[in-house]
Every structure is written in C-alpha cells, then in structure tokens.
Amino acid sequence: MLLFFSFRQLEDKAADMRVVANKSFGMGERVEYRVHYGFINAAEAKVEVGKNISMINNRPCYRVNVTGRTVGAFDLISKVRDTWRSYIDTAAILPQMFERQIQENKYRKDEKVIFNHNRDQAIASVKDETKTFAVPNNIHDIISGYYFLRTINFDKVNEGEIIEVPTFFDGEVYKLRVRYVGKDVVKTKFGKAKALRINPLIPTNKFFKDEGAMRLWVTDDVNKIPLKAEVELKIGSLEMDIKSYRGLKQEIKWF
C-alpha cells in the first residue's frame, strides 16, 4: 500500500508539471553570430532548434544545439570546438537532458545530464562516473534558461528588475540572474531594430571586468533573439553581432 502511494505521488507530480505559454520559438529556428575582438574576427556561434521533436523521458522536446568555434588568428592561439545541447520540454520549457562536448586546445570533456523533475534530481555522467544531485523544483540548464527567458513578457517587468532562474551546471546549482535595463534601438548589418536591453549578471571572476560586464540586446518582439552583445574583459572587450537567421516565429521589423 505504501509503495502504491509513493508511485501515485510521482504520477501526480508528473501530471502537475508546469505549462509555459510559448510563442517565441519553435522547430527549425536557426541564428548565427560573429564574435570579434576589436576589428579581429575571434569566433563564430550557431544556435539552432531541430526540425523534429525528440522524445526524452517520455516527454516531447525541442532539440537545441549551440555550437561555437574560434576562427582566424584566435584559432591558432586557442582552438575551440564546443557543442552544447539541450532537450527542452515543449510544454514546461524545462530541460529533460543536457549534453556538452568540449574541445579547447588539448582539453576534452563529454558530459550528459538527465533531469528527473519528478524527484528534483539531476543525474550527471562524465566518462564512467555518474553522480546524482538534488536540485530545486523547475531547475534549468544554461540553454533552457535562456529559452525560458524568451517566453517572458517584458512589458510586465519593471526597468531595473532582476529575474532569477535556478540553473544546474557543472555539478552545482546557482541562480541565472539577468537585469532588465529597458527599451533601446540597436544597429545591425540588416538595419536598425527595436530591442530590449538585458544585463546578465556575472559572478566575479578573473576574466570579466565586473558583475555587469555583459550587455545584451534582444529583439523587442515575440522572438526575443539576441541581436548584439558586448562583454568587457580584464584585457579589452568582445562583441557579438547577428550574422544570419531563419525560421523565426515573426519576421524582424528593420528600419
């Protein structure tokens, strides 16, 4: 009887999984970016949602790939070939599985994280080692956290307000924190567009200038895709600009 009750509790929790309204992204979306250090091209990044739905943990998911690679002179100094992947529940906008394959010079790391939202657990595997971590309810990975932020109606967020998203990364739970700065206009290769300015708040470390070292501009429409980013480092600054896009929910209004 007790065993039956325990299983019933898990079934009820699965049935109660949150539902997030999403009009911001869907299958087939693809956006590419150029990262530059001053006038020097430093890297390229691509963010794409698979054209088909994937079933993970018996839940339909968007398969989101984020790939990054250094180019030009930067590729000679520090060669990077990274792939990050998240399987995001189409209804809850929560991760069911997260993967990353890191290749940075001679450093290699392959990791897989399975999320058990019924038990509030993250099961992380690196090589032959598997660990289970207790995590808060509605936990995100780095990629799914960004996609969840895209579903937020910023017309209901006050300027200066900080949004916090519980996130699991590299065996630890922390809060992905972003400050909504306000509305702006940003210039790109395609023209100008209305944008929302958001400042991801970065914990103090040896690479970034300070907590507010990153500035991000996303389209002020249903898409909310990044158009431009600036990062102040201890030694100079990096900028990221949109290079190409397709498969958006709504065409961007350039002027």
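None of the values given here were measured: they were computed from a predicted structure. (Residues numbered from 1 in each chain as written. Predicted model: local features only at pLDDT ≥ 70, side-chain atom pairs only at ≥ 80, totals over all residues. Heavy atoms only, no water.)

Focus: the overall build of the protein
Phase 1: Secondary structure summary: the protein contains three helices and 15 strands in total.
Phase 2: Since a compact globule built from 255 residues should have a radius of gyration of about 18 Å, the 19 Å found for the protein is in line with a globular shape.
Phase 3: Judged by the C-alpha coordinates and their principal axes, the protein covers about 70 × 45 × 35 Å.
Phase 4: For the protein, with 255 residues in total, the buried portion stands at 42%. (Helix = DSSP H or I, 4+ residues; strand = E, 2+ residues; numbered from the N terminus. Rg over C-alpha atoms; globule rule 2.2 N^0.38 Å. Buried < 20%, exposed > 50% of the residue type's maximum accessible area, 1.4 Å probe, protein only.)

Considering a nonpolar patch on the surface
Phase 1: A cluster of nonpolar side chains, Met27, Ile53 and Met55, forms an exposed patch at the surface whose accessible area comes to about 290 Å².
Phase 2: Within the secondary structure, Met55 is located in strand β3 (residues 54-56).
Phase 3: Exposure remark for Met55: the relative accessible area of 54% places this residue in the exposed category. (Patch = residues over 30% accessible without salt bridge, like charges linked within 9 Å, V, L, I, M, F, W, Y side chains within 5 Å. Areas by Shrake-Rupley, 256 points an atom, 1.4 Å probe, with all protein chains shown as cover. Salt bridge = Lys/Arg side-chain N within 4 Å of Asp/Glu carboxyl O.)

Comments concerning empty space enclosed by the protein
Phase 1: For the structure on display, the rule yields one cavity of 30 Å³ or more.
Phase 2: Empty space within the largest cavity amounts to approximately 30 Å³.
Phase 3: Phe98, Glu111, Val113, Asp141, Ile142, Phe168, Phe169 and Asp170 are the residues that line the largest cavity.
Phase 4: Listed by contribution, the elements that provide at least two residues to the lining of the largest cavity are β7 (107-116) and β10 (162-169). (1 Å grid on protein atoms, 1.4 Å probe; cavity = no way out; pocket = protein on both sides within 12 Å on 5 of 7 lines; lining within 4 Å. Points joined across faces, edges and corners; volume = space filled by probe spheres on them.)

Here's the deal with the environment of Phe154
Phase 1: Summarising the element assignment, Phe154 is placed in the loop between α3 (142-150) and β10.
Phase 2: Among the residues examined, Phe154 registers a relative accessible area of 6% and is labelled buried.
Phase 3: Through-space distance from the C-alpha of Phe154 to that of Lys234 is 31 Å; in sequence the pair is 80 residues apart.
Phase 4: Non-local contacts of Phe154, meaning those with residues more than four positions away in its chain, are made with Leu149, Ile163, Tyr180, Leu196, Ile198 and Lys224. (Contact = heavy atoms within 4.5 Å.)

What about the environment of Leu248?
Phase 1: Tracing the chain through its elements places Leu248 in the segment after β15 (236-246).
Phase 2: Considering only alpha carbons, one finds Leu248 and Arg30, 218 residues apart in sequence, at a separation of 7.7 Å.
Phase 3: Apart from the residues lying within four places of it in its own chain, the contact partners of Leu248 are Glu29, Val31, Asn223 and Ile225.

Notes on the pattern of salt bridges
Phase 1: Counting across every chain of the model gives 21 salt bridges.
Phase 2: In this structure, Glu48 and Lys46 form a salt bridge, with 3.8 Å as the shortest nitrogen-oxygen distance.
Phase 3: Here Arg100 and Glu111 are joined by a salt bridge, their closest N and O atoms 2.6 Å apart. With Arg100 in strand β6 (residues 95-104) and Glu111 in strand β7, this pair connects stretches of sequence that are eleven residues apart.

Overview of the pairing of strand β13 (residues 214-219)
Phase 1: With five of six residues buried, β13 is to be regarded as a mostly interior element.
Phase 2: Bridge analysis of β13 against strand β14 (residues 226-233) gives five bridges, and the strand direction is antiparallel. Among the inter-strand pairings, Trp217 is bridged to a residue of β14, identified as Lys228.
Phase 3: Taking the residues between adjacent antiparallel strands as the criterion, β13 and β14 are bridged by six residues, where Lys224 takes a positive phi near 55°. (Pairing = 2+ DSSP bridges.)

Remarks on the packing of aromatic side chains
Phase 1: Per the counting criterion, the structure on display carries twelve aromatic pairs.
Phase 2: Taking the centre distance of 6.3 Å and the plane angle of 90° together, the rings of Phe115 and Phe168 count as edge-to-face. With a gap of 53 residues between them, Phe115 in strand β7 and Phe168 in strand β10 connect regions that are remote in the sequence.
Phase 3: By relative accessible area, which is 3% here, Phe168 ends up buried.
Phase 4: An angle of 75° between the planes, with centres 4.8 Å apart, marks the rings of Tyr146 and Tyr147 as edge-to-face.
Phase 5: In textbook terms, an aromatic cluster arises when at least three aromatic residues are bridged by ring pairs, as seen for Phe25, Tyr62, Tyr146 and Tyr147.
Phase 6: Geometry around Phe148 places Arg18 over its ring, the cationic atom sitting 4.7 Å from the centre.
Phase 7: One cation-aromatic arrangement involves Arg100 over Trp84; the distance from NZ or CZ to the ring centre is 5.6 Å. (Phe/Tyr/Trp six-rings, centres within 6.5 Å; stacked < 30°, edge-to-face > 60°. Lys NZ or Arg CZ within 6 Å of the ring centre and 35° of its normal.)

With respect to the pairing of strand β8 (residues 121-126)
Phase 1: Alignment of β7 against β8, held across six bridges, turns out to be antiparallel. Note that in β8 the partner of Glu111 across the bridge is Val126.
Phase 2: Pairing between β8 and strand β9 (residues 129-134): six bridges, direction antiparallel. Bridge pairing in β9 places Val126 opposite Glu129.
Phase 3: The turn linking β8 back onto β9 is made up of two residues, and Lys127 within it adopts a positive phi angle of 55°.

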